[in-house]
Amino acid sequence: MADLEDGSTETDAFPDVPLPGPELARVLDARLAEVPGWHAPDDPVRLGFAMTAPHALALDAFGRFAERNPNNVGVHTRFGDGVRGTRRLEREAVLALAGLLHADAADGYLTGGANEGTLAGLRVGRNALRAAGAGRVVVLASALTHHSVAKAAEILDLELRLCPAGPSWLLEAGAVDAALDALAAETGADARTGVVVVSTAGYYNTGLVDPVDAIAGVLAGRAAGGGNLSVFHHVDAAHGGMILPFTAPEVPFDFRSPYVHSIVLDPHKSGLMPYSCGVFLCRKGLLGHGAVPAPMSGFVDETISGSRSGAMAAALWSLVFGLAADGYREVFRDCLRVRDRLADAIRAADPDAVVLPSPGNTVVVAGFSHGDGRLPAELAERYRLVGNTLPWTAPDGSTGDRLFHHFYAMPHLTPAQVDGFAAALAGSLADAARTPRRDAPAAPAAPAAELRDLRRSSVCLRHLVVHPPGRRDPDDHPHAYSFHTFQDRAGLGEQLAARPWTGDDGSPTGLYVYAPDLEAPFANELFGVTDPGRYSLEVLDRNQQKLSLVGAAHFAVFGPEPRTPDRPVVLANFHADGTLRSVEYKYGDRRYNDEVQVFADHVVVKIGKDARSVRRDGDDYSFSLDTSLELRLRLTDDDAVPRITRVARHADPALPRRRHLLRGQYRRFPNRFFDTVVDMTAGRRHEARWPAAGPVPSGSEGPLLARSALLDLVRVTPSVSGGALSVRLTAVGGPGTAAFTVPLGLGARLPGLLPGIAVGEPETLDPAEVVAWAARLHPRLGPLREAALARGGQRRLSVPDEVAGRTERT
Ligand SMILES: *Cc1c(COP(=O)(O)O)cnc(C)c1O
């Protein structure tokens, strides 16, 4: 599979030969089994998402038409268009939906969903406003608007202005008016600003409907009153648009207000259609603002999508005409009953909860009274519930953010499922009420100045983020153990405790020990000992040892002379059994460096290892696993000629790459990114020059480029001579050069030099053992750092004779 063990992802080979039929069926069956159904006992009950089971009429029509693969490219609601086949079915379905939304005349087409429909609406709006003379076009919406609005604004390069969600959670007409006043004031007398106002009929996490008619009234007044603004009004009716006309036809969210220009519906969300089916509708005369001629195909394209499924049009038609208003009314009447049943169940389980069924819509919003409104994880998982923080005004008038959950009463829900949920909710809320709240850790007394840094940080940036205490064993939740769920240690209220380490006679040693909990030093994340200006040794607890990619204990030398770009931090990493894993030389700063890792049987050179995004409150996360170029040299016990066995080009180092994922994008630990990976082999005893002449055979076109921490964009040239690997960096944009030189035999000598102690059962360790181990390692590792000082850009790694001699004697 494409996820590799080292935490990166590569492509799969395209299969050469077909899978045999039974094998194909077996795999498909297995994947199908992973897709939940609707009513089997083990299926989750989808209560927190608006999706629902598609209607059989739609599935049947889709299947019948799919075989002919009709293409409904273009728009079919014009005079003389849409007269045959699936284009006729699309025209009839779209115009009937426009009629349902009280348009006298409209154009429209089926989209892939509401994202695309909103993009279409904002595009038509922008172009129409520009045609009206607007130089600048702004999108105005509520802060609670679906993210598809921000996405469309980003695609269209429009400024987005969000009105804060007030106590009503709605975009109020007064707020729109005030925002328009502000925009008018910003616009010069001889300029014109276009404003695309987006209102929502059925907010995703509340189900509530904006006062679309009042907003439209404000816009109509602006249009009639002159001034320097032009306005366009798009309604996101993705959730409510297929429900309100059948449950609450009096709610004026649609074309009955003249100042509504376009609307998006989402039949695959609330119209009983399968994915992907949205509908974009707009008033006559507007769609042409997005017209692009398609001379090769002989038509004019006014859509975002291009080729579209005619079978989907047939499916939608079969619901519009096969269910019709009577059918939809019946479906949603039942849903509202289920919604009220859900609301009753919530009130019964938590009489102090805030429970808000949304008028006319199938949504209930609930703020629970226990545990900051949170629901137990098992309940949230089984019922697919998600919470959202919303502004809340309490009955006493105080305001603040509060966690709310939303519940969708969609057609697939059975009374038995609602009753099951009611019982599960009552049970778990009763448990929550019984369990006393865990007190926040008491704030420790202010530490002495020299301990302050220790309390904030460990040598390894990884330990700045942790899971909450009690949830640190990755085996307990293998599917959820990801960076996604890591939290900032300080944010958890947890700091590393630190205290001076005293000698046997009670005298100060200058050393300090630290751990999250010094009462149980080896039971929680890590235990460290440090000479603050020189070195530290950290032993990981059992859970961290399971997670660690670099061994169970780390010794780091970073002083006495402070780190500079030319003076590395040197790290020795040990396995749980006490054997040496690797020695790492990191040049650069703590968060961005070029480094060399020396193992017994291989050498890894990392150019541009980037952890600059590990920040206390940043949303941009890397955990130092982002490397521009990684060269991996595998050593064999012979004199084999060096060879580049593979160059994998994952990204272009010359282009700005999004170097770190956002917090919400992490799924699993570890997570690595490379621009380029170079695999090499060489015999440990190879002495001759390689390459003998000419450019390095990099295995593909062009030189190897990387973003170096030291020199920015560089050409990377590996070579071998005199029994050492040399990796030369030559700056592309300037005069700088640097080279890393690693004797091929270095890694084999290091384990003898750096003996460890077994730490695989950390709870059995005594802090004194670890302190003594550190004291033994320092005189051996410290000189490696001194020997690795850069001289004229040359970084030559070696073991100084006096240290080598000392080990040979011991
Ligand atoms: C679901 C939803 C969308 C996005 O719809 P897609 O079909 O996923 O593109 C947009 N707006 C609202 C209010 C929604 O509920």
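Residues numbered from 1 in each chain as written. Predicted model: local features only at pLDDT ≥ 70, side-chain atom pairs only at ≥ 80, totals over all residues. Heavy atoms only, no water.

1. Remarks on the nonpolar core
For step 1, the next point in the chain: Phe555 and Tyr585 are the most contacted members of the largest nonpolar core, which has 66 residues in total.
For step 2, the next point in the chain: A per-element tally of this core places helix H17 (residues 767-787) first, with 7 residues.
For step 3, the next point in the chain: If we skip the residues at most four places from it in the chain, Phe555 touches Tyr535, Ser536, Leu537, Val570, Leu571, Ala572, Phe574, Ala774, Leu777, His778 and Leu781.
For step 4, the next point in the chain: The next biggest cluster of nonpolar side chains, apart from the first, holds 41 residues, and it includes Ala106, Val212, Met273 and Cys277. (Core = buried A, V, L, I, M, F, W, Y, C linked by side-chain atoms within 4.5 Å. Buried < 20%, exposed > 50% of the residue type's maximum accessible area, 1.4 Å probe, protein only. Helix = DSSP H or I, 4+ residues; strand = E, 2+ residues; numbered from the N terminus. Contact = heavy atoms within 4.5 Å.)

2. A look at the site of the ligand
For step 1, the next point in the chain: By nearness alone, every residue bordering the ligand is listed as Gly113, Ala114, Asn115, His146, Ser148, Gly202, Tyr204, Asp236, Ala238, Asp266, His268 and Lys269.
For step 2, the next point in the chain: Residue His268 places a side-chain N or O atom 2.6 Å away from an oxygen atom belonging to the ligand.
For step 3, the next point in the chain: Between the ligand and Lys269, the relevant distance is 2.6 Å, taken from an oxygen atom to a side-chain nitrogen or oxygen of the residue.
For step 4, the next point in the chain: The protein chains hide 87% of the 380 Å² of surface that the ligand would expose on its own.
For step 5, the next point in the chain: Those elements that provide at least two residues to the shell around the ligand are helix H4 (114-131) and helix H9 (267-270).
For step 6, the next point in the chain: Here the residues of the shell around the ligand are counted per class, giving 3 nonpolar, 6 polar and 3 charged. (Near = heavy atom within 4 Å. Polar contact = N/O pair within 3.5 Å; in protein donor to acceptor, adjacent residues only side chain to side chain. Areas by Shrake-Rupley, 256 points an atom, 1.4 Å probe, with all protein chains shown as cover. Nonpolar A, V, L, I, M, F, W, Y, C, P; charged D, E, K, R; others polar.)

3. Considering the pairing of strand E10 (residues 354-357)
For step 1, the next point in the chain: Alignment of E10 against strand E11 (residues 363-367), held across 4 bridges, turns out to be antiparallel. Looking at E11, one finds that Val354 is bridged to Gly367.
For step 2, the next point in the chain: Remark: 5 residues form the turn of the hairpin made by E10 and E11, two consecutive strands paired antiparallel; Gly360 in that turn has positive phi of roughly 75 degrees. (Pairing = 2+ DSSP bridges.)

4. Side note on the sheet that holds E11
For step 1, the next point in the chain: Strands sit in the order E10-E11-E13-E12 across an open sheet of 4 strands; the sheet is antiparallel. Both outer strands of the open sheet, E10 and strand E12 (387-393), are each paired with one neighbouring strand and no more. With strand direction ignored, the average angle separating the axes of adjacent strands in the sheet is 35 degrees.
For step 2, the next point in the chain: Here E12 runs beside strand E13 (residues 399-408); their pairing, made up of 7 bridges, is antiparallel. Its bridge partner lying in E13, Trp392 is registered against Gly400. (Axes fitted to C-alpha atoms, helices over the stretch in contact; angles between N-to-C directions.)

5. Things to note about the sheet that holds strand E3 (residues 159-163)
Two modes of strand pairing occur in sheets, parallel and antiparallel, and in both the strands are linked by backbone hydrogen bonds.
For step 1, the next point in the chain: The 7 strands are arranged E1-E7-E6-E5-E4-E2-E3 in an open sheet whose pairing can be described as mixed. Either end of the sheet is taken by a strand with one partner, and the two such strands are strand E1 (106-111) and E3. Adjacent strand axes in the sheet meet at a mean angle of 20 degrees, parallel and antiparallel pairs treated alike.
For step 2, the next point in the chain: Pairing analysis gives 4 bridges linking strand E6 (residues 262-265) to strand E7 (residues 278-283), with the strands arranged antiparallel.

6. As for the pairing of strand E17 (residues 508-515)
For step 1, the next point in the chain: In terms of strand pairing, strand E16 (residues 497-502) meets E17 through 6 bridges, oriented antiparallel. Considered in E17, the bridge of Ala497 is made with Ala515.
For step 2, the next point in the chain: Hairpin connection of E16 to E17: 5 residues between the antiparallel strands, including Gly506 at a positive phi of 85 degrees.
For step 3, the next point in the chain: The pairing of E17 with strand E18 (residues 526-531) spans 3 bridges and is classified as antiparallel. Within E18, the position partnered with Tyr514 by the bridge is Gly528.

7. Observations concerning the domain arrangement of the protein chain
For step 1, the next point in the chain: Each assigned domain of the protein chain is listed here: domain 1 (62-318), domain 2 (327-434) and domain 3 (458-652 + 660-809).
For step 2, the next point in the chain: When each unit is reduced to the centre of its C-alpha atoms, the spacing between domain 1 and domain 3 is 53 Å. (Domains from an automatic or database assignment.)

8. Here we look at the packing of aromatic side chains
For step 1, the next point in the chain: Counted according to the given criterion, the structure contains 16 aromatic pairs.
For step 2, the next point in the chain: Look at Tyr383 and Phe421: their rings are 4.9 Å apart centre to centre, the planes differ by 65 degrees, and that puts the pair in the edge-to-face class. With Tyr383 in the loop between helix H12 (377-382) and E12 and Phe421 in helix H13 (residues 415-434), this residue pair connects regions lying 38 residues apart in the sequence. Phe421 shares its class with Tyr383; the two are buried.
For step 3, the next point in the chain: Ring pairing ties together the aromatic residues Phe368, Tyr383, Phe407 and Phe421, which thus form one cluster.
For step 4, the next point in the chain: Cation over ring: Arg382 sits above Tyr383, and NZ or CZ is 5.6 Å from the ring centre. (Phe/Tyr/Trp six-rings, centres within 6.5 Å; stacked < 30°, edge-to-face > 60°. Lys NZ or Arg CZ within 6 Å of the ring centre and 35° of its normal.)

9. Examining the environment of Val137
For step 1, the next point in the chain: On the secondary structure map, Val137 appears in strand E2 (residues 136-142).
For step 2, the next point in the chain: Val137 sits in the buried class, given a relative accessible area of 8%.
For step 3, the next point in the chain: Taking the C-alpha atoms as reference, Val137 lies 65 Å from Leu750; in sequence the two are 613 residues apart.

10. Some details on the state of the cysteines
For step 1, the next point in the chain: This model, assessed by the stated rule, comprises 0 disulfides.
For step 2, the next point in the chain: For the unlinked cysteine Cys335, the closest cysteine sulfur is that of Cys277, found at 18 Å. (Disulfide = S-S within 2.5 Å.)

11. A closer look at the environment of Glu378
For step 1, the next point in the chain: Examined against the element boundaries, Glu378 turns out to sit in helix H12.
For step 2, the next point in the chain: Taking C-alpha positions, Glu378 is 49 Å from Gly85, a pair spaced 293 residues apart along the chain.

12. Quick look at the pattern of salt bridges
For step 1, the next point in the chain: Counted according to the given criterion, the structure contains 39 salt bridges.
For step 2, the next point in the chain: Two residues, Glu186 and Arg136, come together in a salt bridge whose shortest N-O distance is 3.1 Å. Here Glu186 is found in helix H6 (residues 173-186), whereas its partner Arg136 is found in strand E2, with 50 residues between them in sequence.
For step 3, the next point in the chain: The exposure class assigned to Glu186 is partly exposed, which follows from its relative accessible area of 42%. (Salt bridge = Lys/Arg side-chain N within 4 Å of Asp/Glu carboxyl O.)

13. Considering the packing of H4 against helix H5 (residues 147-155)
For step 1, the next point in the chain: Contact pair H4 / H5: the axes reach a minimum separation of 9 Å and the direction vectors enclose 45 degrees. For the element pair H4 / H5, the angle class is oblique. The crossing of H4 and H5 is right-handed. Residues Asn115, Thr118, Leu119 and Leu122 of H4 lie in contact with H5, whose contacting residues are His147, Ser148, Val149, Lys151, Ala152, Ala153 and Ile155.
For step 2, the next point in the chain: Of the residues assigned to the contact of H4 with H5, the class counts are 6 nonpolar, 4 polar and 1 charged. (Parallel < 35°, antiparallel > 145°, perpendicular 65-115°, else oblique. Left-handed = near helix turned anticlockwise from the far one by under 90°.)

14. Here's the deal with helix H3 (residues 85-100)
For step 1, the next point in the chain: For H3, which comprises 16 residues, the first-to-last C-alpha distance of 23 Å matches the rise-based estimate of 22 Å (1.5 Å per residue) to within 8%.
For step 2, the next point in the chain: All of the buried residues in H3 are Thr86, Leu89, Glu90, Ala93, Val94, Leu97 and Ala98. Down the axis of H3, the buried set is contained in an arc of 160 degrees. They therefore lie on one face.
For step 3, the next point in the chain: Check the buried side of H3 and you find it contacts helix H2 (56-66), E1, E6, E7 and helix H10 (310-322).
For step 4, the next point in the chain: Backbone geometry just after H3 places His102 at a positive phi near 65 degrees. (Expected span 1.5 Å × (residues − 1). Arc of directions from axis to C-beta.)

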